[in-house]
Amino acid sequence: VLLLLLLAAATPASAGVPDPRYSEADTCIVVSPAGAFTYTVRLRDESLAPVGDVDVVLDFTAAPGIVLCTASDPNNDRRVVARTDALGYVIFRVRGGGQSNGLVEVQALATLVRGAFARSTDLDGDLTVEAEDVTAHQALASNARAGDYDCDGDADAADRQFVQNQLGHNCLTVPVLRRSWGSLKSFYRD
Ligand SMILES: [Ca+2]
Ligand SMILES: [Ca+2]
Ligand SMILES: [Ca+2]
């Protein structure tokens, strides 16, 4: 055991580099045209120290079915960027719609912190939540990831209520600052 400890101590330190094991980022990202859902990322390095004041990137490149509002991706490179605070936290409110089974990469300092799946209350991806999206939600399979906004593994009436509540929302709607259950789980995970 002592030898292992010595070996561990001899391992080059990576202070200030996010360690995916100790960083927090849900595998469930919920977006909406109005940015009504939060997505919290907490960066910590291998010594559990916060990694503050660095850019976190949500890279949607491999999730082409997700459409992003200009407000979330002004340079149109399919990467949504925000900076962590001194405690290593950043809260995203991504504006977008559509559906994709592709992985969104959560990156910071060239480290892949998490792979996550995005879903939106704007199921048809026209960047407005309207009756067609309610109809589309009703047509989803009961376990469809695309319709699961509380991140509990199903697409049911509770999820559909989010669509109902957001009818009329688009990319210009003033944000409603409501936490998604996914971000709450992440928030309280520690
Ligand atoms: Ca961008
Ligand atoms: Ca729509
Ligand atoms: Ca659900």
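Residues numbered from 1 in each chain as written. Chains lettered and ligands numbered in written order. Predicted model: local features only at pLDDT ≥ 70, side-chain atom pairs only at ≥ 80, totals over all residues. Heavy atoms only, no water.

Details of the overall build of the protein chain
The helix and strand inventory of the protein chain stands at four helices and nine strands. Looking at the 190 residues of the protein chain, the share that counts as buried comes to 46%. Considering only residue pairs separated by 6 or more positions, the protein chain has 69% of its internal contacts joining residues 24 or more positions apart. Approximately 9,300 Å² of the protein chain is accessible, and the part contributed by carbon and sulfur atoms is 58%. (Helix = DSSP H or I, 4+ residues; strand = E, 2+ residues; numbered from the N terminus. Buried < 20%, exposed > 50% of the residue type's maximum accessible area, 1.4 Å probe, protein only. Contact = heavy atoms within 4.5 Å. Areas by Shrake-Rupley, 256 points an atom, 1.4 Å probe, with all protein chains shown as cover.)

Topic: helix α3 (residues 157-165)
Those residues of α3 that fall on the buried side of the exposure criterion are Asp 159, Phe 162 and Val 163. Here the buried residues of α3 occupy an arc of 100° about the axis, which is enough to place them on one side. On its buried side, α3 packs onto α2 (131-138). For α3, the N-terminal capping position is held by Asp 156, with its side-chain oxygen 3.1 Å away from the main-chain nitrogen of Ala 158. (Arc of directions from axis to C-beta. Polar contact = N/O pair within 3.5 Å; in protein donor to acceptor, adjacent residues only side chain to side chain.)

A few points about the packing of aromatic side chains
Going through the model one piece at a time under the given rule, you end up with three aromatic pairs. Here Phe 37 and Tyr 149 contribute two aromatic rings whose centre-to-centre distance is 6.4 Å and whose plane-to-plane angle is 35°, an arrangement assigned as tilted. Highlighted residues: Phe 37 in the loop between β2 (28-31) and β3 (39-42) and Tyr 149 in the loop between α2 and α3, separated in sequence by 112 residues. For Phe 37, a relative accessible area of 2% gives the class buried. Ring geometry for Phe 37 versus Phe 162: centroids 5.5 Å apart, planes at 50°, classification tilted. Remark: Phe 162 occurs in helix α3 and Phe 37 occurs in the loop between β2 and β3; sequence separation between them is 125 residues. For the pair formed by Phe 37 and Phe 162, the shared burial category is buried. Chaining the aromatic ring pairs together yields one cluster made of Phe 37, Tyr 149 and Phe 162. One residue, Arg 145, lies across the ring of Phe 117, its end atom 3.5 Å from the ring centre. (Phe/Tyr/Trp six-rings, centres within 6.5 Å; stacked < 30°, edge-to-face > 60°. Lys NZ or Arg CZ within 6 Å of the ring centre and 35° of its normal.)

Points about the sheet that holds strand β1 (residues 24-25)
Strand order in the open sheet made by the three strands is β1-β3-β7, with antiparallel pairing throughout. Across the chains shown, the open sheet's two edge strands, defined by having one partner strand only, are β1 and β7 (89-92). When β3 meets β7, the two strands line up antiparallel, connected through four bridges. Pairing of Tyr 39 across the sheet is with Phe 92, part of β7. (Pairing = 2+ DSSP bridges.)

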